[in-house]
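Listed here are the chains, written in short residue letters.
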Amino acid sequence: MSMMPLTVALLVSSRSLWEPAHTCMQNLPVRIALEQTEPGNLDALLDRIEMHRVDVVLLEIALLPVPLDDFTRRLRETTLQPAVFVLHPEASTQHIMEAIHAGVAEFLYPPLADTLRQAFENLAASRARVSAATGGGLGRAIGFLSAKGGCGATTFAAHAAVDLAKQTRQPVLLGDFDFEAGLLRFLLKTRTTYSVRDALDNMHRMDSNYWKALISTYGGLVDVIAAPDDVAARRPGGPQETAQLVRFIRSTYPFSVMDFGRNYSSSALDSLSELDTLFVVTTLDLDALEQTRECIRSIAAREYSSRVRVLLNRVPERGAPDPKGIEQFLGCPLAGAFSNDPDALYEAWSEGHLLEDGSKLGKELQALAKALAAGARGTQSPGQGSIAPAQAAGRRWFSFLRGAQA
């Protein structure tokens, strides 16, 4: 089982502690949201910890402007009540007793490689259990990425978001992280001029009020944050910025759906640690399949293969290919196949709405959302199963989301 991602505040100045801590975190789904190497104002520090929704504070006691027990008491008054790992150059009895009295989670000293990793894993497992038991914690984040331009990631993302909102009756965020095309603003007629770029540039002052100014609402169901319109603003965020924004979205919405555009999207790759599932949408076009294979390899190099699912779009009614051959070519199983329904799509988008519920592709996309919702509840979707020829008109092969709930 993969480790639950954690957000860290690193308050360490000693190089003998800072270097091994950084090395350990590079190999884990752990993101440093803020870093401080000098003592500072306590109120300002607590505000930043609250704003960045930190899970754990890695702390060198010498950097605190107040006694350790005062600091931990103030931390317990924050929303997320982050854990505290004290890092110390040696196993000092005096400091260990101080840490125990203050109620810190861990007191660690060099060598840190194994003990810090284990502390992170224990904390992640504990938070995952609490989240599962209470239904709280971070929401589920799902991404769609086209193997190449025109494979349909935007269509999948928009319909998945709206259908999830209908089926779960919970708030859903649809985010356009496609900094090249960014079609959701046009297709869904969003009214605000703000964008994902504005959110990335202003994470330092992000709160619920500022967030509400950035989004539009589609159909009274889904909150939408668009990609930037201005060419000069069409630059993706850095890895830390993008992951931080996705983490904020997960902390705000039970479900979020991201449109990452096409192929080697830096936004998609930088968000992998925060995504439950990244769906790569491809077609039967050989170039698209080759791009899919390369995309899968890039994600595997980052050790996130378990979060990737491949969806085959625009499968014809007749002359459907052998799914096993495609899986062998990709080196990855197919999670689902979807009809080729260009007329229905053209009519829907040209009239400014989503596919009708009765259309073939519309029904299939509803089944996709149903499987995603079932996965979030921990139940099995009726449509889940292995890919095999279906006993339907034209004997086309078709299935939904094998392994999408993993």
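About the cut-offs
- Residues numbered from 1 in each chain as written.
- Predicted model: local features only at pLDDT ≥ 70, side-chain atom pairs only at ≥ 80, totals over all residues.
- Heavy atoms only, no water.
- Phe/Tyr/Trp six-rings, centres within 6.5 Å; stacked < 30°, edge-to-face > 60°.
- Helix = DSSP H or I, 4+ residues; strand = E, 2+ residues; numbered from the N terminus.
- Buried < 20%, exposed > 50% of the residue type's maximum accessible area, 1.4 Å probe, protein only.
- Core = buried A, V, L, I, M, F, W, Y, C linked by side-chain atoms within 4.5 Å.
- Contact = heavy atoms within 4.5 Å.
- Pairing = 2+ DSSP bridges.
- Axes fitted to C-alpha atoms, helices over the stretch in contact; angles between N-to-C directions.
- Salt bridge = Lys/Arg side-chain N within 4 Å of Asp/Glu carboxyl O.
- Parallel < 35°, antiparallel > 145°, perpendicular 65-115°, else oblique.
- Left-handed = near helix turned anticlockwise from the far one by under 90°.
- Nonpolar A, V, L, I, M, F, W, Y, C, P; charged D, E, K, R; others polar.
- Patch = residues over 30% accessible without salt bridge, like charges linked within 9 Å, V, L, I, M, F, W, Y side chains within 5 Å.
- Areas by Shrake-Rupley, 256 points an atom, 1.4 Å probe, with all protein chains shown as cover.
- Lys, Arg positive; Asp, Glu negative; His and termini not counted.
- Charge placed at Lys NZ, Arg CZ, Asp CG, Glu CD.
- pLDDT = per-residue confidence, 0-100.
- Expected span 1.5 Å × (residues − 1).
- Arc of directions from axis to C-beta.

1. Topic: the packing of aromatic side chains
- The full count for this structure, using the stated rule, is 7 aromatic pairs.
- With 6.1 Å between their ring centres and 40° between their planes, Phe-144 and Phe-156 make a pair best called tilted. Note that Phe-144 is positioned in strand S6 (residues 140-146) and Phe-156 in helix H6 (residues 153-168), a separation of 12 residues in sequence.
- Overall, Phe-144 belongs to the buried group, its relative accessible area being 0%.

2. Quick look at the nonpolar core
- Counting residues in hydrophobic clusters, the biggest one holds 73 residues, and the most contacted among them are Phe-144, Leu-164, Leu-174, Trp-211 and Leu-245.
- Sorting elements by how many residues they give to this core places H6 first, with 9 residues.
- Apart from residues lying up to four places away in sequence, Leu-245 is in contact with Phe-177, Val-196, Ala-199, Leu-200, Met-203 and Trp-211.

3. Overview of the sheet that holds strand S8 (residues 216-218)
- Reading across the sheet, the 8 strands line up as S8-S9-S7-S10-S6-S11-S12-S13 and stay open at both edges, with mixed pairing between neighbours. The outermost strands of the open sheet, each flanked by one partner alone, are S8 and strand S13 (334-339). Averaged over all neighbouring strand pairs, the angle between strand axes comes to 25°, with direction disregarded.
- Of the pairings in the sheet, the one linking S6 to strand S11 (residues 277-282) comprises 5 bridges and is parallel in character. When the bridges of S11 are listed, Ser-146 appears paired with Val-281.

4. Here's the deal with the pattern of salt bridges
- In total, this model carries 16 salt bridges according to the counting rule given.
- The partner of Arg-262 in a salt bridge is Glu-180, with the nearest N and O atoms 3.0 Å apart. Of this pair, Arg-262 sits in strand S10 (residues 255-262) while Glu-180 is found in the loop between strand S7 (172-176) and helix H7 (184-187), placing the two residues 82 residues apart along the sequence.
- Across the pair Glu-274 and Arg-250 runs a salt bridge, and its minimum N-O distance is 2.6 Å.

5. Here's the deal with the packing of helix H3 (residues 68-75) against helix H4 (residues 93-102)
- In the contact formed by H3 and H4, the axes pass within 9 Å of each other and the chain directions differ by 30°. The orientation of H3 with respect to H4, classified from their angle, is roughly parallel. Considering only the axes of H3 and H4, their crossing is right-handed. Contact with H3, carried on its side by Leu-68, Asp-69 and Thr-72, involves Glu-98, Ala-99, His-101 and Ala-102 of H4 and no other residues of that element.
- Its residues placed into classes, the contact of H3 with H4 shows 3 nonpolar, 2 polar and 2 charged.

6. Some remarks on a negative patch on the surface
- A cluster of like negative charges, contributed by Asp-343, Glu-347, Glu-351, Glu-356 and Asp-357, occupies part of the molecular surface.
- Considering the arrangement of structural elements, one finds Glu-351 in the loop between helix H14 (342-350) and helix H15 (360-377).

7. Brief notes about the environment of Gly-40
- Relative to the elements of secondary structure, Gly-40 occurs in the loop between strand S2 (30-36) and helix H2 (42-51).
- Relative accessible area serves as the criterion here: at 29%, Gly-40 is assigned to the partly exposed category.
- Between the C-alpha atoms of Gly-40 and Pro-65, which are 25 residues apart in sequence, the distance is 6.7 Å.
- Discounting residues that sit within four places of it in the chain, Gly-40 has contacts with Leu-63 and Pro-65.

8. Side note on the sheet that holds S2
- Taken together, 5 strands build an open sheet; the order of strands is S2-S1-S3-S4-S5 and the sheet is parallel. Looking at which strands have only one partner, the edges of the open sheet turn out to be S2 and strand S5 (106-108). Direction aside, neighbouring strands of the sheet carry axes that sit 20° apart on average.
- Sheet topology places strand S1 (residues 6-11) next to S2; 6 bridges connect them, and they run parallel. Bridged to Thr-7 within S2 is Arg-31.
- Against the sheet, helix H10 (residues 239-252) contacts S1 and S2, and its axis sits at roughly 105° relative to S2.

9. Quick look at the confidence of the model for the chain
- Of the residues in the chain, 88% have a pLDDT of 70 or more, and the chain-wide mean is 83.
- This model gives residues 379-406 a pLDDT under 50, and the stretch forms 82 contacts once residues within four places in sequence are excluded.

10. Considerations on the packing of helix H12 (residues 286-301) against helix H13 (residues 323-330)
- Closest axis-to-axis distance for the H12/H13 pair is 9 Å, and the angle between their directions is 45°. Between H12 and H13, the angle is such that the two are oblique. On H13, the residues touching Leu-286, Leu-289, Glu-290, Thr-292, Arg-293 and Ile-296 of H12 are Ile-326, Phe-329 and Leu-330.
- Its residues placed into classes, the contact of H12 with H13 shows 6 nonpolar, 1 polar and 2 charged.

11. Brief notes about helix H1 (residues 15-26)
- Between its first and last C-alpha atoms H1 spans 16 Å; for 12 residues at 1.5 Å apiece the expected length is 16 Å, and the two agree.
- Every buried residue of H1 is accounted for by Leu-17, Ala-21, His-22, Cys-24 and Met-25. For H1, the angular spread of the buried residues around the axis is 160°, confining them to a single face. Turned more than 90 degrees away from the buried face of H1, the exposed residues are Arg-15 and Gln-26.

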